[in-house]
Amino acid sequence: MLAVLAAACATPGMASGMTSGTASGTARAADEWNPPAHFAPPLNEVWNHVSPTYPDQR
């Protein structure tokens with residue numbers, strides 16, 4: 001999980017993209033979330049741990 005956070009902090013353009021919202025100033029959830037390819041394996045590893053460990057957090 002720390003690797004994902006470190007990669008997010010090291011990715012150019014991520015800091016500015018994380019603070020911007022919609023024109024009204026509120027953030028909206030995407031219909032489908034597709035992380036960058038280099039994030040997919042670590043995020044999948046975290047998800048595979050969290051799902052069985054915390055089944056009531058869905």
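Residues numbered from 1 in each chain as written. Predicted model: local features only at pLDDT ≥ 70, side-chain atom pairs only at ≥ 80, totals over all residues. Heavy atoms only, no water.

### Re the overall build of the protein
Using the following cut-off: Each helix is a run of H or I in the DSSP string that is no shorter than four residues. Each strand is a run of E no shorter than two, and both are numbered from the N terminus. Relative accessibility thresholds used throughout: buried, under 20% of the residue-type maximum; exposed, over 50%; partly exposed, between the two (1.4 Å probe, protein chains only). Under the convention used here, a 1.4 Å probe and the Shrake-Rupley method define accessible areas, while residue burial counts only the protein chains that appear.
Each helix and strand counted, the protein has three helices and zero strands in total. Each helix (α) and strand (β) of the protein, taken in turn from the N terminus, gives the series α-α-α. Looking at the protein as a whole, 10% of its 58 residues qualify as buried. For the protein, the accessible surface area stands at approximately 5100 Å², while carbon and sulfur atoms represent 61% of it.

### So, the confidence of the model for the protein
Worth spelling out the cut-off: pLDDT gives the predictor's per-residue confidence on a scale running from 0 to 100.
Looking at the protein as a whole, the pLDDT averages 74, with 53% of positions reaching at least 70. Across the protein, helix α3 (residues 40-53) holds the top mean pLDDT of 92, while helix α2 (residues 14-19) sits lowest at 50.

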